[in-house]
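Close look at the chain arrangement
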Amino acid sequence: MSGKTKDWWETFFHEFRPFFQKISPKETNAQVRFYLKHLNLKKGMSFLDCPVGIGRIAIPLAKRGINVTGIDLAESYLIELEEKASKRNLPLKLFHSDMRRINFNGEFDTAGNLWTSLGYFEKESDNLLVLKKIYTALKPNGKFVIQVINRDWVLNNFSSSDWTAFGKVKVLEQRIFDYAESKSRATWTFIKEGKETAVDTSIRMYSYHELKKLLEKVGFKNVHGFGSLNDDPISRDTREMFIFGEK
Ligand SMILES: C[S@@+](CC[C@H](N)C(=O)[O-])C[C@H]1O[C@@H](n2cnc3c(N)ncnc32)[C@H](O)[C@@H]1O
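Residues numbered from 1 in each chain as written. Predicted model: local features only at pLDDT ≥ 70, side-chain atom pairs only at ≥ 80, totals over all residues.

A closer look at the pairing of strand 2 (residues 67-72)
Selection criterion: With C-beta atoms placed from the backbone, a residue counts as buried when 20 or more other C-beta atoms lie within 10 Å of its own, as exposed when 12 or fewer do, and as partly exposed for counts between those limits. Strands here are runs of E lasting at least two residues and helices are runs of H or I lasting at least four, both read from the DSSP assignment and numbered beginning at the N terminus. Strands are labelled as partners when DSSP assigns at least two bridges between them.
With 5 of 6 residues buried, strand 2 is to be regarded as a mostly interior element. Judged from the 4 bridges that link them, strand 1 (residues 46-49) and strand 2 form a sheet pairing that is parallel. Directly across from F47, in strand 2, lies its bridge partner V68. Note that strand 2 and strand 3 (residues 93-96) share 4 bridges and pair parallel.

Overview of the packing of helix 5 (residues 124-137) against helix 7 (residues 208-218)
To keep things clear, this is the line we draw: Here the axes come from fitting lines to C-alpha atoms, over the contacting stretch only for helices, and the angles between their N-to-C directions go from 0 to 180 degrees. The labels follow the angle: roughly parallel below 35 degrees, roughly antiparallel above 145, roughly perpendicular from 65 to 115, and oblique for the rest. By definition, turning the near helix anticlockwise from the far helix through less than a right angle yields a left-handed crossing, and turning it clockwise yields a right-handed one. We call two residues in contact if the C-beta atoms placed from their backbones are at most 7 Å apart.
Between helix 5 and helix 7, the least distance of the axes is 9 Å, while the angle of their chain directions is 50 degrees. In terms of orientation, helix 5 lies oblique with respect to helix 7. Viewed along their axes, helix 5 and helix 7 form a crossing whose handedness is right-handed. Contacts from L128, L131, K132 and Y135 of helix 5 reach helix 7 at L214, L215 and V218.

A closer look at the domain arrangement of the protein chain
For the record, the criterion: Source of the domain bounds: an automatic or database domain assignment. Three classes are used: nonpolar for Ala, Val, Leu, Ile, Met, Phe, Trp, Tyr, Cys and Pro, charged for Asp, Glu, Lys and Arg, and polar for all others, with Gly counted as polar.
Here the protein chain is described as being made up of domain 1 (8-148 + 206-246) and domain 2 (155-200). At the interface, 7 residues of domain 1 touch 7 residues of domain 2. Among the residues making up the side of domain 1 that touches domain 2, the classes are represented as 3 nonpolar, 2 polar and 2 charged.

Points about the site of the ligand
Rules: Near, for a residue, is defined by distance from a backbone-placed C-beta atom to a molecule or strand, with 6 Å as the limit that must not be exceeded.
The environment of the ligand is made up of 17 residues, and the closest members are P51, G53, R56, A74 and W115. When the residues that make up the shell around the ligand are grouped by side-chain class, the tally is 11 nonpolar, 3 polar and 3 charged.

Focus on helix 7
Worth spelling out the cut-off: Taken from the helix axis, the directions to the C-beta atoms give the arc we talk about.
Taken residue by residue, helix 7 has Y208, L211, L215 and V218 as its buried positions. Viewed end-on, helix 7 has its buried residues packed into an arc of 90 degrees, placing them on one side of the element. Exposed and facing more than 90 degrees away from the buried side of helix 7 are H209 and K217. Close packing links the buried residues of helix 7 with helix 5, strand 10 (221-226) and strand 11 (240-246). Count one or two residues on from helix 7 and you reach G219, which has phi positive near 125 degrees.

So, in structure tokens, the structure goes:
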């Protein structure tokens, strides 16, 4: 019998959980304020967080009276988030789904794909499908934000390996850049109490002009981006890209 081997993103995020500590609450709050401003997001409006993770952005938005719907493939993240939301009495709607398979239609005022959550799929048509599905989920004139790492920065600052430590967990990331496919291919080795787990990952990296074209191809208008939360322009020196578009 030949069972299909799992794709990296189906198992990786279980191990990745400690990395959420890398973004401080202060940084997350600054991001939330930035999104509220640029999406013109007000109490009572709706936001589709695709994928939602452990609710890093969803919880603060819900606290401000935004109606948040979150989707994610990692069941453990959704369970954790459900518990957090119910403790705080926050009415989040959560769905367990692959981001390519969501089927909302014209329901949301705003949507986000945040913290480099695009580019996981080997086939480019699948990455494009995520953007199409989010576009379809928005109301006419609905606003979208995508936050991804900037390919131009990655190449300008390329590092073939990095160590990170979280308490008892040590993580070694070893990367090569695949120029033909514009993919960062990395082996992440998680070392916990002497036990090693290695996962091979691959993320499609986009430059600003390329992602802008992709968003326009999907139908987004008024596509514009920033390289920082201070509205700086995107350049090879800005690690993050925050790109906005409108349906
Ligand atoms: C880097 S995290 C970002 C989470 C969240 N957007 C944030 O800003 O904190 C990427 C998320 O994508 C989810 N994910 C990975 N592959 C997915 C897929 N095929 N469909 C839906 N979610 C997926 C992971 O479970 C994880 O929560």
